[in-house]
Amino acid sequence: MAQGIQEDGETALVEILERCNALRLAPPPADDALPAGYSGTLGHFPVYFPEEIAHAAGLLPVHVLGGGNKLELKYADAHMGSFVCSICRSTAELGLNGTLQPLTGFVTHPICDAAKHLAGIWSRNLPEQLAQILYLPQNVNTPGAVRFIAAEYQRLRGELERKTGRPIADESLRASLRIYNRNRRLLRELYAIRRDEPWKLSCTESYLLLRARTRIPCEQHNEMLEAALPAIRARRRAAQDKPRVVFVGGFCEQPPLEMLETIDDTCYVVDDDLLIGMRWFTADVPETGEPMWALAESFVERSAASPVQHDERKTKEGYLMEMLRTSGADAAIVTAAKFCEPGLDEQVAWSKHLDHEGVQYLILEFEEKMTSFEQMAMQLETFAESLLFSIA
Amino acid sequence: MTIDTVQTPATAAPAEFDARVEGQRLMKEWYGGLELAGERGQPVANVFVMGNAIEILRCFDFQLVFPEINSLQTGVRKVSEEYLRLSEDYGMSPDVCSYVKADVGLILKEQKHPAGLIPKADIAIASNMCSTFIKWAEIWERMLKTPTFVLDLPGQRAANWEVRPGDAQHAADARWVEAQFRDLIERCERITGRRFRMERLAEVQSEVNRMVGHWNNVMALNRNCPAPYNAMLDGLTYIGIMNVYRGTAEGADFMARLEEQLRAQVARGEGKVAGEKFRLLFSGTPCYVSMRRLVELFESWGGVFAYSDYLTFAAGGMDAGDLVYDTSRPLESLAEVTALAAQRGLSNQFFAHERLAQNVRDYDVDGIVFHGIKSCRFVSSGMADTRDYLNKRLKIPSLYIESDLIDPRYWSDAQIKNRVDAFFESLNQRGGPAPHAGRAAAVPLASEASIGGEA
């Protein structure tokens with residue numbers, strides 16, 4: 001009987017994962033295919049975006065994460081230099097080829113200069129959309145940062161209200177905060193399984209479950225996670241002899257799914273920074289009081305870290321070491337997307353620090369459009385064997 | 001100031017003033033000052049050319065190190081490759097900013113620069129105007145233990161963004177910038193052990209006002225036909241002084257004398273390029289290893305760069321309109337002007353089509369030359385799209401070339417020459433330049449020409 005329940009759970013989980021994968025490859029939904037309560041879609045670029053504001057405006061927040069390795073560039077080559085990272089170029093392509101035409105707006109952030117330029121490209125080529133840079137500050141340490149962020153969120157709120165013709169009530173924002181707080185708790189549970197019982201959930205599966213929120217409403221994503229988590233916990237999988245590693249470098253451009261699968265073949269990835277913006281808050285956002293202030297304060301006081309956010313309290317080396325410590329990892333896989341200046345700079349800093357600390361690591365450079373993984377698989381096998389030998 | 005005042009400088013410039021020689025002297029003196037900082041017990045600050053709070057640092061008598069200028073100087077002095085290779089051997093990627101890499105090379109060479117020994121900084125100010133500034137400062141934090149202050153300047157948020165002094169958006173942005181300035185002042189007091197004096201800030205601002213007034217006029221004078229200077233050769237000396245000597249009497253005096261000299265040139269009808277045939281706009285950064293060669297390729301066809309956006313964004317965006325400090329309320333005014341400059345003169349790079357369209361009209365140019373830099377995403381990422389947009393909307397001829405800031409490995413002389421030649425041939429086929437004889441000279445806007453001008 002128990003075996004039967006477990007099989008049913010696994011079947012349901014497989015179905016959920018298949019749906020997640022379909023969502024990964026899907027364009028943003030058209031306005032006439034949106035769930036009830038939504039009047040349009042708001043695209044946003046990595047890393048972090050306060051989705052609650054769009055959600056409360058009745059706009060489905062959709063992550064714009066480039067084109068993966070199935071998209072052929074036809075237009076972007078003439079609009080962005082070959083030295084620009086793949087995610088920016090393929091995002092431009094999706095705007096130019098019409099895939100992202102239905103968006104109500106597109107918001108990018110000061111994470112890097114190429115990302116900021118996307119707002120200009122959008123305004124020149126898709127002038128009917130709301131194209132904005134949300135100036136999330138790179139100084140979160142000076143008193144006044146919360147006030148500035150709250151004002152910037154209010155500005156965005158006003159822009160969305162004008163665009164949709166629909167006021168955003170504080171109560172709607174609080175309702176959105178509650179839905180997203182639920183999501184944050186579920187995602188923390190998901191990552192706890194990765195940390196505590198990594199044999200039950202691969203990095204690839206976890207990534208698919210996380211990424212599904214980029215195309216569906218948060219409330220639907222909550223339901224999906226609530227169905228998936230018990231099934232994952234019920235899995236009867238035996239632990240394998242694999243090293244425990246942390247993966248970093250996936251904060252913006254996304255590695256191909258095949259790359260994550262290749263890593264899963266040889267390692268347990270017990271923590272990562274994949275789509276870290278979706279898990280940016282390390283604790284719940286206060287649900288009482290002024291909602292914009294609560295979001296802004298959380299950005300400053302209860303947030304994760306990435307190579308594209310300066311914070312005097314969190315050195316890049318410090319947070320990587322913290323990830324290694326809290327996840328009980330043996331080693332790190334330090335990646336960077338090709339042509340990603342912040343990522344490539346960080347890769348040097350991280351590798352020097354790991355050398356200094358005597359932590360083993362593997363350097364990998366990737367591109368979202370890469371399609372061949374044989375060489376990477378060989379590197380990973382060698383890395384894993386050497387780790388198993390050294391920690392045995 | 002009217003058009004007439006710009007075009008009627010009766011006095012001849014003093015014969016002894018040579019902007020290039022004087023500029024070189026001042027830069028040499030600055031490098032000499034850097035070497036002596038330790039002996040003099042002067043604090044040292046690393047700053048960038050965009051968003052740097054120089055006015056505050058001068059109140060504490062900081063010696064200012066401009067790492068971008070150090071890096072470009074390795075290119076000018078033809079030794080950049082040595083520094084770049086050192087940093088690549090250290091692990092830096094070939095695909096990141098070559099200024100950063102040359103600076104890492106400098107650190108690995110224990111601060112030995114061809115212009116002298118560069119002192120280690122007591123503080124670094126990195127603004128968010130170029131995202132690489134922050135990563136660069138983090139490198140100093142790691143390699144040199146330099147404390148960093150990130151100055152976050154809210155930039156232009158969207159196309160058609162209009163922010164006016166005193167409106168609600170400007171007030172909110174300025175309030176945030178002022179909060180950071182107050183924080184920075186406290187840190188500088190701790191580092192230097194000196195007290196901040198508001199009167200000193202007002203003095204520095206007075207010098208900046210004087211300098212920027214002349215600078216605006218210098219920029220505006222190049223709207224005349226023929227253009228009295230080449231924005232991508234002479235202009236590079238001028239912005240060097242704008243950066244390094246901003247807030248000093250020497251800097252303001254230099255700019256005053258330069259303006260006087262250029263006015264005299266305009267009055268005499270002297271252009272920088274003999275027989276000026278084409279007025280051009282250069283968008284992007286120079287290639288410092290082949291700077292003279294690049295300009296020569298254009299001048300040989302009678303082309304002059306009447307304007308470059310480099311002169312705006314690489315000089316702090318201070319010419320971006322009505323940026324005058326109110327010295328009766330120094331700190332508030334510093335924040336207000338800094339917030340405006342960030343939006344009108346720096347971060348508007350991300351919506352470059354708007355500014356360039358205006359520049360084309362102001363400087364009456366025949367074409368735009370876009371210089372894409374592989375390692376500089378700030379100027380280059382949107383360049384091809386901007387070019388496409390302007391081509392379609394303004395029908396303005398343009399040329400796109402690629403090389404690097406200081407990496408000689410990316411300079412391909414024959415390829416660039418071919419493209420430049422083809423560009424001029426196409427300009428000629430379009431009927432050549434507009435006949436200057438009958439063409440009214442491009443003239444400065446009254447508001448820009450009059451700020452702080454003495455003429």
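Residues numbered from 1 in each chain as written. Chains lettered and ligands numbered in written order. Predicted model: local features only at pLDDT ≥ 70, side-chain atom pairs only at ≥ 80, totals over all residues.

A look at the interface of chain B and chain A
Quite often, the size of an interface is put as the accessible area lost when its parts meet.
Step number 1: Taken residue by residue, the interface counts 42 residues in chain B and 39 residues in chain A.
Step number 2: Listing elements by their share of the side of chain B that touches chain A, those giving two or more residues are α7 (131-144), β6 (148-151), α8 (168-192), α15 (352-362), α16 (377-380) and α17 (383-394) of chain B.
Step number 3: Taken together, the residues of the side of chain B that touches chain A sort by class into 20 nonpolar, 12 polar and 10 charged. (Contact = placed C-beta atoms within 7 Å. Helix = DSSP H or I, 4+ residues; strand = E, 2+ residues; numbered from the N terminus. Nonpolar A, V, L, I, M, F, W, Y, C, P; charged D, E, K, R; others polar.)

Let's talk about unusual backbone geometry
Step number 1: In the segment running from Pro-46 of chain A into Val-47 of chain A, the intervening peptide bond is cis, with an omega of 10°.
Step number 2: If you trace the backbone, Val-47 of chain A turns up in the loop between β1 (40-44) and α2 (51-56).
Step number 3: A cis amide bond, omega 0°, links Cys-225 of chain B with the succeeding residue Pro-226 of chain B.
Step number 4: Tracing the sequence through the fold places Pro-226 of chain B in the loop between α9 (198-221) and α10 (234-244).
Step number 5: The phi dihedral of Asn-160 of chain B is positive, around 55°, even though this residue is not glycine.
Step number 6: Structurally, Asn-160 of chain B is set in the loop between β6 and α8.
Step number 7: Residue class for Asn-160 of chain B comes out exposed when judged on the 9 C-beta atoms lying within 10 Å of it.
Step number 8: Of note in this structure, Lys-395 of chain B is not a glycine but carries a positive phi near 55°.
Step number 9: Structurally, the position occupied by Lys-395 of chain B is in the loop between α17 and β10 (398-403). (Buried ≥ 20, exposed ≤ 12 C-beta atoms within 10 Å, placed from the backbone.)

Focus: the pairing of strand β5 (residues 244-248) of chain A
All names here are of chain A.
Step number 1: For β5, a buried count of 4 out of 5 residues is recorded, marking the element as mostly surrounded by other parts of the structure.
Step number 2: The pairing of β5 with strand β6 (residues 268-272) spans 4 bridges and is parallel. Directly across from Val-246, in β6, lies its bridge partner Asp-271.
Step number 3: The parallel pair β5 and β6, bridged by helix α9 (residues 257-266), forms a crossover whose chirality is right-handed.
Step number 4: The sheet contact formed by β5 and strand β7 (residues 331-337) spans 4 bridges and is parallel. The residue of β7 that forms the bridge with Val-246 is Ala-332. (Pairing = 2+ DSSP bridges. Right-handed = clockwise from strand over helix to strand, strands pointing away.)

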